[in-house]
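# Summary of structural features
What follows is each chain in one-letter form.
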Amino acid sequence: MNYFKTSKLPDVGTTIFTVMSRLAEQQGAINLGQGFPDFNCDPRLQSLVAEAMHAGHNQYAPMAGLAALRQAIATKNARLYGHHYDPDTEITVTAGGTQALMTAVLAAVRPGDEVIVLEPVYDSYVPAIRLAGGSPVYVQLNADDYGVPWDAVRAAVTHRTRMLIVNSPHNPSGAIFSGADLDALETIVRDTGILLLADEVYEHIVFDGLPHQSLSRRPALAERAFVVSSFGKTFHTTGWKVGYCCAPAELSTEFRKVHQFMVFAVSTPMQHALAAWLADPSHYETLPAFYQAKRDRFRSGLATSRFRMLPCPGTYFQLADYSAISTETEEAFATRLTMEHGVAAIPVAAFHTRPVERCMVRFCFGKKNETLDRALERLNKI
Ligand code: PMP
Ligand code: GLN
């Protein structure tokens, strides 16, 4: 029997992050591919999880998330972005940003709907749109700085546009929104029924003293937005898979209908620990300086190499142009970099639906300094 003659996701294979991490492991290469820290989270945060377990918090958490954690998220959001979400009706704790994104799309997008995405696009958005029966509509980010060409976004809007997905700070480019981007977005969605899905998982990794321009800062955007974040990025706990979605009550009600049958609830001891940890703002306020030092170490270490560095205002990713080294495709170059030079990277082509004429790979600098230094030594020899 051929049970899956028609796949629901015919174009989907194993994600590039898994493929490159596997190759790095097989080859014993330094893994600057998949985005995760190679250092541990704070031991006090780990102790809080153990304490929660020992205190008996080992059964289902409330469906929408532990009340104390939702309150802590509401407090943080009001403090940073001036928008107060009601923790009871507007904040839902999810199994990472990934589940929040999938849940928002499945809750909102109906068969025949169009969803605008910006390319290069994070790998989970389009499969989510397809599973919901919607159609992705692609707008290319500016080639030079990965800024959003808002006129092109406006031109892509039709009467079928249900949602626009944005991502700032942006994976893979590190580009971030400015206030002017939020202005442009406001103008486009005004007097429309378009929903917004804002992937803000790198909200606390923004450099050079710049603010994170959360969509929740603007009432006209917040009223129609699912704003997604992830503790994996903020507290060096990508393996815990805890994130959240903030959205007005009407949107959150629909979000929770899907959420409760997708996961019902998220790991209880982790939620207790994160609620306590969030109470001290220094735990996220110190993050920009921490990662900026790594960014600067990595960039200055490659300054005299044959890689050309693109600007990196946010995230823990650095794009590098290798056209002075090779004209190979990005996949071929990233594979050879891993196998011959012992450093794994992600081909940016993996974030595109069509072949791109660029020579660009993404390095993750969210690593120990010694890991970065070993990688730099190898990259400088190429
Ligand atoms: N969105 C973006 C842009 C990401 O880079 C990631 C993870 N690297 C996610 C969402 C998913 O977050 P999580 O690991 O919390 O599921
Ligand atoms: N989002 C991470 C990255 O961009 C990887 C997460 C995953 O492997 N799904 O590297």
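The structure reproduced in this document is the subject of the present report.

Criteria and cut-off values
- Residues numbered from 1 in each chain as written.
- Chains lettered and ligands numbered in written order.
- Predicted model: local features only at pLDDT ≥ 70, side-chain atom pairs only at ≥ 80, totals over all residues.
- Heavy atoms only, no water.
- Near = heavy atom within 4 Å.
- Polar contact = N/O pair within 3.5 Å; in protein donor to acceptor, adjacent residues only side chain to side chain.
- Areas by Shrake-Rupley, 256 points an atom, 1.4 Å probe, with all protein chains shown as cover.
- Helix = DSSP H or I, 4+ residues; strand = E, 2+ residues; numbered from the N terminus.
- Pairing = 2+ DSSP bridges.
- Buried < 20%, exposed > 50% of the residue type's maximum accessible area, 1.4 Å probe, protein only.
- Contact = heavy atoms within 4.5 Å.
- Right-handed = clockwise from strand over helix to strand, strands pointing away.

Let us now look at the site of ligand 2. Lining the immediate surroundings of ligand 2 are Phe17, Gln34, Gly35, Tyr122, Asn171, Phe317 and Arg362. Contact between ligand 2 and glycine 35: an oxygen atom at 2.6 Å from a main-chain N or O atom of the residue. Between asparagine 171 and ligand 2, the recorded distance is 2.8 Å, taken from a side-chain N or O atom to an oxygen atom. Its free accessible area being 290 Å², ligand 2 has 80% of it covered by the protein chains.

Residue glutamate 119 is joined to proline 120 through a cis peptide bond whose omega torsion reads 5°. The topology assignment puts proline 120 in the loop between strand 3 (114-119) and helix 5 (125-131). A cis geometry characterises the amide bond from asparagine 171 onward to proline 172, with omega recorded as 15°. Note that proline 172 resides in the loop between strand 5 (161-167) and helix 7 (179-189). Phi is positive for histidine 236, close to 60°, though the residue is something other than glycine. With respect to the helices, strands and loops of the structure, histidine 236 is situated in the loop between helix 9 (231-234) and strand 8 (243-246). Its identity is not glycine, yet threonine 315 carries a phi of approximately 70°, on the positive side. Among the secondary structure elements, threonine 315 is positioned in the loop between strand 9 (308-309) and strand 10 (317-321).

Looking now at the sheet that holds strand 13 (residues 360-364). A sheet is described by the order of its strands in space; here four strands give the open sequence 9-10-13-12, paired in antiparallel fashion. In the strand order of this sheet, the two ends are held by strand 9 and strand 12 (346-347), each with one partner. Of the pairings in the sheet, the one linking strand 9 to strand 10 comprises two bridges and is antiparallel in character. Counted as the bridge partner of arginine 308 is aspartate 321 from strand 10.

All right, on to helix 11 (residues 268-278) then. For an α-helix, 3.6 residues make a turn, and residues three or four places apart therefore share a direction. Here helix 11 lies mainly inside the structure; nine of its eleven residues are buried. Residues of helix 11 that are buried in the fold lie against helix 2 (43-54), helix 3 (67-81), strand 2 (91-94), helix 9 and helix 12 (282-285).

Bringing the pairing of strand 4 (residues 135-140) into the picture now. In terms of strand pairing, strand 3 meets strand 4 through six bridges, oriented parallel. When the sheet's bridge partners are listed, isoleucine 116 is paired in strand 4 with valine 137. Between strand 3 and its parallel partner strand 4, the chain crosses via helix 5, and the hand of that crossover is right-handed.

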